[in-house]
Amino acid sequence: MTTTRAGSHASPFPAEMVTIATSETGVLRIDLDAIAGNWRALAQRVAPADCGAVVKADAYGLGVARVLPALAAAGCWSFFVATPREAAEARALDARARIFVLDGLFPGAADEMLAAGAIPCLASLAEVEEWSAHARRIGARLAAALHVDSGLHRLGLTAVEVQRLVSRPELLDALDLVLVMSHLAAADDPADPANTAQLEVFERFRAMLPSAPASLAASDGLMLGRDFHFDLVRPGYALYGGQAFQGERAPVSPVVSLFARVLQVRDVEVNGAVGYSGAWRALRPSRIATLAAGYADGFARAASAANGTTGGSVVIHGARLPIVGRVSMDLITVDVTDCPVRVERGDVAELIGAALALETVGGEARTIGYEVLTRLGRRTQRVYVGGGA
Ligand SMILES: *Cc1c(COP(=O)(O)O)cnc(C)c1O
């Protein structure tokens, strides 16, 4: 890993300024100052509610070891991960932060959870029973978050389970209930009536339970307004520059740019087939650039394009150019015929960045920016910018 310093954050970073190391296919540039800036902007937006940070899945693929300390330095102290192993990783990075585990309590994982000083988001009566029994066994009240199901039907206690829970007060007596939480199903669409329906169900659950701080909103939910903020919001995607909300733009800046080198450029005659299975054929004399990025780099194969279909695109010398043919493991092919500047071996293509937002890249690959983000960077060199490094 290489670190460079940058004065300002979230600057649109042009491909012309990118140097790719001779041994590498490309560069994944991660702006830690932009992540910290995004957290501050969201925290300001939801104040007086508190703003946490979701750093599950290695901070959405960006590297929790660099992202968590940058967020902690910005003032964040409530972190959400998905699994016990992620909790242990997060704890090793920060001795005093609160670490919540969104997947809840895995069977038999209470000791690990405790060793990591993590707080499980208990998502069923069985999990409450197991955590409560563990508390009694060790003779200490254990911090717990309670995840209730307000309509997503994925994780969380049902209304019947919450009724059973309150009829057995000894269960919660053994615990220190630090958060009651739920998750929204359609928060990206402010017009979806499911949002207010879930809000009402969540309020009803809260009225049944002992009073505790509450959390309902992730990145999109916090854009739905004050009613959804409660005591703590839990953004992930927006911190990393994602803009999934279909209403007003979130007050966040891009964080990630991905660049790949042009390996060669060739002329293809009319009817020449490009790539596996000849899925795309030139309809005119064409110039085709081959780039060092493929699905092994997390670049979706679904961004392939055959004749008559459109796939993904890249930006070279400021021009948006279409991917043609199949995306393969290590390579993609791009029609650069219409690029106003002649594309040459050694040029740098932008695959994600100022000119190609995560949502655009996700949409062109028939998926979402979240999936694009979390699949990036296993092979591409990562370069971190800022973060007080
Ligand atoms: C992943 C997740 C989040 C964060 O969601 P974003 O859309 O990335 O902000 C928040 N809460 C729960 C329960 C999650 O699973």
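For the structure itself, look to the data block above.
Model, not experiment: these values are computed from the prediction.

Procedures and definitions
Residues numbered from 1 in each chain as written. Predicted model: local features only at pLDDT ≥ 70, side-chain atom pairs only at ≥ 80, totals over all residues. Heavy atoms only, no water. Near = heavy atom within 4 Å. Polar contact = N/O pair within 3.5 Å; in protein donor to acceptor, adjacent residues only side chain to side chain. Nonpolar A, V, L, I, M, F, W, Y, C, P; charged D, E, K, R; others polar. Phe/Tyr/Trp six-rings, centres within 6.5 Å; stacked < 30°, edge-to-face > 60°. Helix = DSSP H or I, 4+ residues; strand = E, 2+ residues; numbered from the N terminus. Buried < 20%, exposed > 50% of the residue type's maximum accessible area, 1.4 Å probe, protein only. Expected span 1.5 Å × (residues − 1). Contact = heavy atoms within 4.5 Å. 1 Å grid on protein atoms, 1.4 Å probe; cavity = no way out; pocket = protein on both sides within 12 Å on 5 of 7 lines; lining within 4 Å. Points joined across faces, edges and corners; volume = space filled by probe spheres on them. Pairing = 2+ DSSP bridges.

Q: Which parts of the structure should I look at to understand the site of the ligand?
A: Close to the ligand lie 13 residues; K56, Y60, S219, Y237 and Y370 are nearest. At 3.5 Å, a side-chain N or O of H183 approaches a nitrogen atom of the ligand. The contact in question runs from an oxygen atom of the ligand to an N or O atom on the backbone of Y237, over 2.8 Å. Of the residues belonging to the shell around the ligand, the class tally is 7 nonpolar, 3 polar and 3 charged.

Q: In this structure, what is going on with the packing of aromatic side chains? I would like to understand it.
A: This structure, assessed with the given rule, holds 5 aromatic pairs. Their ring planes at 40 degrees and their centres at 6.4 Å tell us that Y60 and Y370 sit as a pair that is tilted. Within this pair, whereas Y60 is found in helix α2 (residues 56-60), its partner Y370 is found in helix α11 (residues 369-375), the two being separated by 310 residues in sequence. Using a relative accessible area of 27% as the deciding quantity, one classes Y370 as partly exposed. Grouped by ring-pair contacts, the aromatic residues Y60, Y237, Y240 and Y370 constitute a single cluster.

Q: Quick question: what am I supposed to make of helix α6 (residues 125-138) here?
A: Structurally, the α-helix is built with 3.6 residues per turn, so residues lying three or four positions apart point the same way. Compared with the 20 Å implied by 1.5 Å per residue over 14 residues, the 20 Å span of α6 between its first and last C-alpha is a close match. Taken together, the buried positions of α6 are L125, E127, V128, W131, S132, H134 and A135. Residues of α6 that are buried make contact with α5 (110-115), β7 (119-122), β8 (142-147), α7 (159-166), α8 (169-173) and β9 (175-181). A positive backbone phi angle near 70 degrees is found at G139, which sits one or two residues after α6.

Q: Explain the layout of surface pockets here, please?
A: By rolling a water-sized probe across the atoms, one finds the places where empty space is left. Space inside the largest pocket adds up to approximately 850 Å³. Together, 35 residues line the largest pocket, and K56, R154, H183, A218 and Y370 are the ones closest to its centre. At the level of secondary structure, the elements contributing two or more residues to the lining of the largest pocket comprise α2 and α11. Its residues placed into classes, the lining of the largest pocket shows 19 nonpolar, 9 polar and 7 charged.

Q: How should the pairing of strand β18 (residues 332-335) be read in this particular structure?
A: Regular strands show a simple pattern: their side chains alternate between the two faces of the sheet. Here β18 shows no split at all, with I332 and V334 on one side and T333 and D335 on the other all buried. Pairing analysis gives 4 bridges linking strand β15 (residues 286-291) to β18, with the strands arranged antiparallel. Bridge pairing links A289 to V334 in β18.

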